Amino acid sequence: MAIVRWNPWREIDTLQRQINSLFEESLVPATSWERGFIRVPAAEIYETDDAVHLKLEIPGLEAKDLDVQVTENTVRVSGERKQETKTEDKGVTKSEFHYGQFQRVIPLPARIQNTNVTAEYKDGILNLTLPKTEAEKNKVVKVNLEEASA
């Protein structure tokens, strides 16, 4: 039986690799394809008086590969990437494929008219214009003020 010397730094190195692998597999917004998969598309949302505007970054897909569903309170975007490449060089064939699915549900800050949504997908950017309901447009909130006692 051989005697093996214990090295505490080896244990720390193993722990470090395990922690790194946890963060690599997490579902955080991604701005690019990682390992051939989109984790969650990066999103930007802003609100005007008449509408809510949502921009999602979804590179490498065609419009037919996206599924966009809108309710009065949320937007659900999902899609699937299917990419295959095949090259032949000097009698050697190289074939690669990448598949990946994603889904993101985004809660909206106001109720919208989901029957009047407009969408544009160009250069990997999905732009949605979500018109607000009339009740949301005219929504006025009365704020009660109280004098501060000194």
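Heads up: the structure comes first, above all this text.
Residues numbered from 1 in each chain as written. Predicted model: local features only at pLDDT ≥ 70, side-chain atom pairs only at ≥ 80, totals over all residues. Heavy atoms only, no water.

> What's the story with the nonpolar core in this structure? I'm lost.
Generally speaking, soluble globular proteins have nonpolar side chains that are buried together. Residues Leu 54, Leu 56, Ile 58, Val 75, Val 77 and Leu 130 are the most contacted members of the largest nonpolar core, which totals 17 residues. Secondary-structure elements contributing two or more residues to this core are β3 (51-57), β4 (66-70), β5 (74-89), β6 (92-107) and β8 (125-131). (Core = buried A, V, L, I, M, F, W, Y, C linked by side-chain atoms within 4.5 Å. Buried < 20%, exposed > 50% of the residue type's maximum accessible area, 1.4 Å probe, protein only. Helix = DSSP H or I, 4+ residues; strand = E, 2+ residues; numbered from the N terminus.)

> Would you mind going over the sheet that holds β6 with me for this structure?
Strand-to-strand pairing in sheets goes through backbone hydrogen bonds, with the strands running parallel or antiparallel. Taken in spatial order, the 3 strands of this open sheet run β4-β5-β6, and their pairing is antiparallel. Whereas interior strands pair on both sides, the edge strands pair on one side only; in this sheet they are β4 and β6. Between one strand and the next, the sheet's axes are offset by a mean angle of 5 degrees, whatever the strand orientation. Alignment of β5 against β6, held across 16 bridges, turns out to be antiparallel. Along β6, the bridge assignment pairs Lys 86 with Ser 95. (Pairing = 2+ DSSP bridges. Axes fitted to C-alpha atoms, helices over the stretch in contact; angles between N-to-C directions.)

> Is there a simple way to think about the pattern of salt bridges in this case?
Note that side chains of opposite charge can pair when their charged atoms are close. Counting across every chain of the model gives 6 salt bridges. Notably, a salt bridge pairs Lys 132 with Glu 47, separated by 2.6 Å at the nearest N-O pair. With Lys 132 in the loop between β8 and α2 (134-137) and Glu 47 in strand β2 (residues 40-47), this residue pair connects regions lying 85 residues apart in the sequence. Here Lys 94 makes a salt bridge to Glu 96, at a shortest N to O gap of 3.3 Å. For Glu 96, a relative accessible area of 34% puts it in the partly exposed group. (Salt bridge = Lys/Arg side-chain N within 4 Å of Asp/Glu carboxyl O.)

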